[in-house]
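Architecture and fold: a report
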Amino acid sequence: MNASPQQEESPRGRRPRILSVIGARPEIIQAAPVCAALREIADEVLVHTGQHYSDAMSGAQIAATSLPEPDHNLGVGSGSRGEQLARGEERLLEVIRAERPDAVIVRGDTNATLAGARAAVACGVPLVHVEAGLRSYRDDMPEEVNRVETDRLADLLLAPTDSARATLEDEELRGRVVLTGDPLCDMLESWRDRIAPAEGEYLLATVHRNYNTDDPDRLAAVLGCLARSPWPVVLPLHPRTLARLKDWGLAVPEQIELADPVPYTRMLELERGARRIATDSGGVQREAYLWGVPCISLREETEWVETVDTGWNTLAGVDEERFAAALAAPVPAERPPVFGDGRAAERIAQAVLDLVASGMGAVA
Ligand code: UD1
Ligand code: UDP
């Protein structure tokens, strides 16, 4: 990233000081390229709320992505949404007051995201939302509630896709909107030449959305869909899903091979080598597209509409017949670069610098 010395100065005549919040697995992964670009031009304080804490969900992901060790870990841990939000906001308030950043970056749509947004606003610090403008229009998803409130609070809204940009402009929010591309695309592109596809014929699956895991009939229907795969199914299990399978004593069909969550780079190998990917993850839908592996979403809707519009992602819900039909569908010929050119992180860093230089960065 090239920035002139003049650009690097905040209104207070020093490198801007930016506090970045992470909390859950996808935030760790997409923070890595942004962190690298930001540290070229600013001082970054990296704060992990500790929403995810198991080694497979957090420590191993930090190692796999070469994200620097966080400066603070706030130990928020598991709990109800209200508990995670309250603990996160309270602890982030203290850190923001102590660190006095010029801006706070939150990303995505987790409880850590919204806690960070509320804390920044309470401290009077400009708020940047990376991955702004995504909508599922489902109020029973905590992620939808989190991202809508975060977008309303943000001073700078960084859209990963053109449709997200259009959504933000239609909503006429008060924050400035910038189309940056998707840092998850930067991340994958930075690994593309180093990732060999995993061997064998298999379908790769991930499942963790609340509405798929928290109802035994629905989770059984997910397993029923996966059982229609003509290939063995590799299913690295999110701890939430593993807990529900055990709670309800659901029988896992023989061809489904359960595994622990895998580190990011192993996940890329598994994705690249898969015949098909079935998922309810936002990140995995985009990565399937980027690898050119057809995806079947175990959802009725998606925030990543480009994957469906281009024919690479089919919304099957948990309907076995729709799932089976999607497995047999032809593979599209075209795959336009809907998630950007792999340089989103540079644009994100520059937009943050511009925000601070505009004079918004003085801490109250
Ligand atoms: C969260 C995000 C979701 C994101 C997902 C990424 C919210 C509302 N949801 O969902 O958007 O897609 O992370 O993976 O923030 N657990 C562990 N170890 C951990 C973390 C969680 O065992 O390190 C178990 C606990 O039993 C916990 C459950 O998983 O209660 C759910 O974790 P939580 O962080 O509440 O939500 P996720 O389902 O992970
Ligand atoms: N991922 C991973 N190991 C796994 C499952 C997923 O590294 O066992 C990665 C995946 O490659 C993607 C990210 O986690 O980069 C997506 O996060 P997740 O599915 O937890 O959340 P979502 O994207 O749905 O918010």
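See the structure printed just above.
The following paragraphs examine the structure supplied in this document. Throughout this document, residue positions are counted from 1 along each chain, in the order its sequence is written. Key to labels: chains lettered from A, ligands numbered from 1, both in the order written. The model is predicted, so local features are restricted to residues of pLDDT at least 70 and side-chain atom pairs to those at 80 or more, both for listing and for counting; the totals for chains, interfaces and linings are taken over all residues. Water and hydrogen atoms play no part in the side-chain values, which are based on all heavy atoms of the structure.

**As for the packing of helix α8 (residues 183-191) against helix α13 (residues 282-291)**
Comment: axis = line fitted to C-alpha atoms, over the contacting stretch for helices; angle = value between 0 and 180 degrees taken between N-to-C directions. Starting at the N terminus, helices and strands are each numbered in turn, a helix being any DSSP run of H or I of at least four residues and a strand any DSSP run of E of at least two. Relative orientation of the contacting elements α8 and α13 amounts to 45 degrees, with a least axis distance of 10 Å. Put simply, α8 runs oblique to α13. The chirality of how α8 crosses α13 is right-handed. Between α8, through Leu184, Cys185, Leu188 and Glu189, and α13, the contact on the second element is made entirely by Gly283, Arg286, Glu287, Leu290 and Trp291. Should an angle fall under 35 degrees it is called roughly parallel, over 145 degrees roughly antiparallel, and 65 to 115 degrees roughly perpendicular, with every other angle called oblique. Should the near helix be turned anticlockwise from the far one by less than a right angle, the crossing is termed left-handed; should it be turned clockwise, right-handed. Contact between two residues is taken to exist if any of their heavy atoms lie within 4.5 Å; hydrogens are not considered.

**Re the site of ligand 2**
In the region of ligand 2, 19 residues are neighbours, and Arg25, Val262, Ser281, Gly283 and Glu287 sit closest. A distance of 2.9 Å separates an oxygen atom of ligand 2 from a polar atom in the backbone of Gly282. We define a polar contact as two N or O atoms separated by no more than 3.5 Å, with the added condition that, inside protein, one atom must be a possible hydrogen donor and the other a possible acceptor, whereas residues neighbouring each other in sequence contribute only through side-chain atom pairs. Gly283 places a polar main-chain atom, nitrogen or oxygen, 2.8 Å from an oxygen atom of ligand 2. The protein chains shown are the only cover counted for residues, whose accessible areas, like all others here, come from Shrake-Rupley with a 1.4 Å probe. Taken by itself ligand 2 offers 530 Å² of open surface, and the protein chains cover 95% of this. The set of elements that each furnish at least two residues to the shell around ligand 2 consists of α2 (25-38), α12 (264-273) and α13. Element by element, the count of residues in the shell around ligand 2 is highest for α13, at four residues. Following the grouping adopted for this structure description, the nonpolar residues are Ala, Val, Leu, Ile, Met, Phe, Trp, Tyr, Cys and Pro, the charged ones are Asp, Glu, Lys and Arg, and the polar ones are all others, Gly among them. Counted by class, the shell around ligand 2 contains 10 nonpolar, five polar and four charged residues. Residues are counted as near a molecule or strand when any one of their heavy atoms sits within 4 Å of it.

**Some words on the pattern of salt bridges**
Two side chains carrying opposite charge are able to pair once their charged atoms lie near each other. For this analysis, a salt bridge means a side-chain nitrogen from Lys or Arg found within 4 Å of a carboxyl oxygen belonging to Asp or Glu. In the structure shown here, the tally under the stated rule is 31 salt bridges. Residue Arg209 pairs with Glu143 through a salt bridge whose shortest N-O separation is 3.1 Å. Note that Arg209 is positioned in the loop between β8 (203-206) and α9 (210-213) and Glu143 in helix α6 (residues 142-153), a separation of 66 residues in sequence. Ionic pairing is found between Arg228 and Glu321, a salt bridge with its closest N-O pair at 3.2 Å. With Arg228 in the loop between α10 (216-226) and β9 (233-236) and Glu321 in helix α15 (residues 320-328), this pair connects stretches of sequence that are 93 residues apart.

**Description of the layout of surface pockets**
The space that makes up the second largest pocket amounts to roughly 190 Å³. Method remark: on a 1 Å grid restricted to protein atoms, a set of points is classed as a cavity if a 1.4 Å probe fits but cannot get out and as a pocket if it is open with protein on both sides within 12 Å along at least five of seven lines; lining residues have an atom within 4 Å of a point. Contributing to the lining of the second largest pocket are 15 residues, with Ala32, Pro33, Ala36, Ala37 and Ala345 lying nearest its centre. For the lining of the second largest pocket, the secondary-structure elements that each account for two or more residues are α2, α8 and α16 (344-360). Broken down by element, the residue count for the lining of the second largest pocket peaks at four residues, all from α2. Here the residues of the lining of the second largest pocket are counted per class, giving eight nonpolar, four polar and three charged. Grid points are joined across faces, edges and corners, and a volume is the space filled by probe spheres set on the points.

**Quick look at the site of ligand 1**
Around ligand 1 sit 19 residues, and of these His52, Ser54, Glu143, His208 and Arg240 come closest. A distance of 2.8 Å is found between an oxygen atom of ligand 1 and a backbone nitrogen or oxygen belonging to Tyr53. At 2.7 Å, a side-chain N or O of Glu143 approaches an oxygen atom of ligand 1. For ligand 1, the protein covers 84% of the area, taking 750 Å² as the surface of the free molecule. Its residues placed into classes, the shell around ligand 1 shows six nonpolar, nine polar and four charged.

**Some thoughts on the side chain of Arg286**
One can find Arg286 in helix α13. Within the structure, Arg286 has its side chain in polar contact with the side chain of Glu131 (distance 3.3 Å). Those residues in contact with Arg286, other than ones at most four positions away along the chain, are Glu131, Asp182, Leu184, Trp304 and Phe339.

**Some remarks on unusual backbone geometry**
Residue Ser66 is not a glycine yet carries a positive backbone phi of 60 degrees. Checked against the element boundaries, Ser66 lands in the loop between α3 (59-65) and β3 (72-73). One non-glycine residue, Arg100, adopts positive backbone phi at about 50 degrees. Considering the arrangement of structural elements, one finds Arg100 in the loop between α4 (81-99) and β4 (103-107).

**Brief notes about α10**
An α-helical turn contains 3.6 residues, so a residue and the one three or four places further along point in the same direction. Think of it in three bands: residues with accessible area under 20% of the maximum for their type are buried, residues over 50% are exposed, and the middle band is partly exposed, with areas taken using a 1.4 Å probe on protein chains only. Within the sequence span of α10, burial applies to Arg218, Leu219, Val222, Leu223, Gly224, Cys225 and Leu226. Sitting at the head of α10, Asp215 places a side-chain oxygen 2.9 Å from the backbone nitrogen of Asp217.

**Concerning the nonpolar core**
Buried Ala, Val, Leu, Ile, Met, Phe, Trp, Tyr and Cys residues form a nonpolar core when they are joined through side-chain atoms within 4.5 Å. Counting residues in hydrophobic clusters, the biggest one holds 66 residues, and the most contacted among them are Leu19, Leu67, Val104, Leu204 and Tyr264. The element that contributes the greatest number of residues to this core is helix α5 (residues 111-123), accounting for six residues. Apart from the residues lying within four places of it in its own chain, the contact partners of Tyr264 are Ile29, Gln61, Ala64, Thr65, Met187, Leu188, Trp191 and Glu287.

**A word on the sheet that holds β3**
Strand order in the open sheet made by the seven strands is β3-β2-β1-β4-β5-β6-β7, with parallel pairing throughout. Each having just a single partner strand, β3 and β7 (176-179) make up the two edges of the open sheet. Each of β4, β5 (127-130) and β6 (156-159) touches α6; the most contacted strand, β5, lies at about 140 degrees to it. Paired strands, in this sense, are two strands between which DSSP finds at least two bridges.

Any link to function would need more than the numbers given here.
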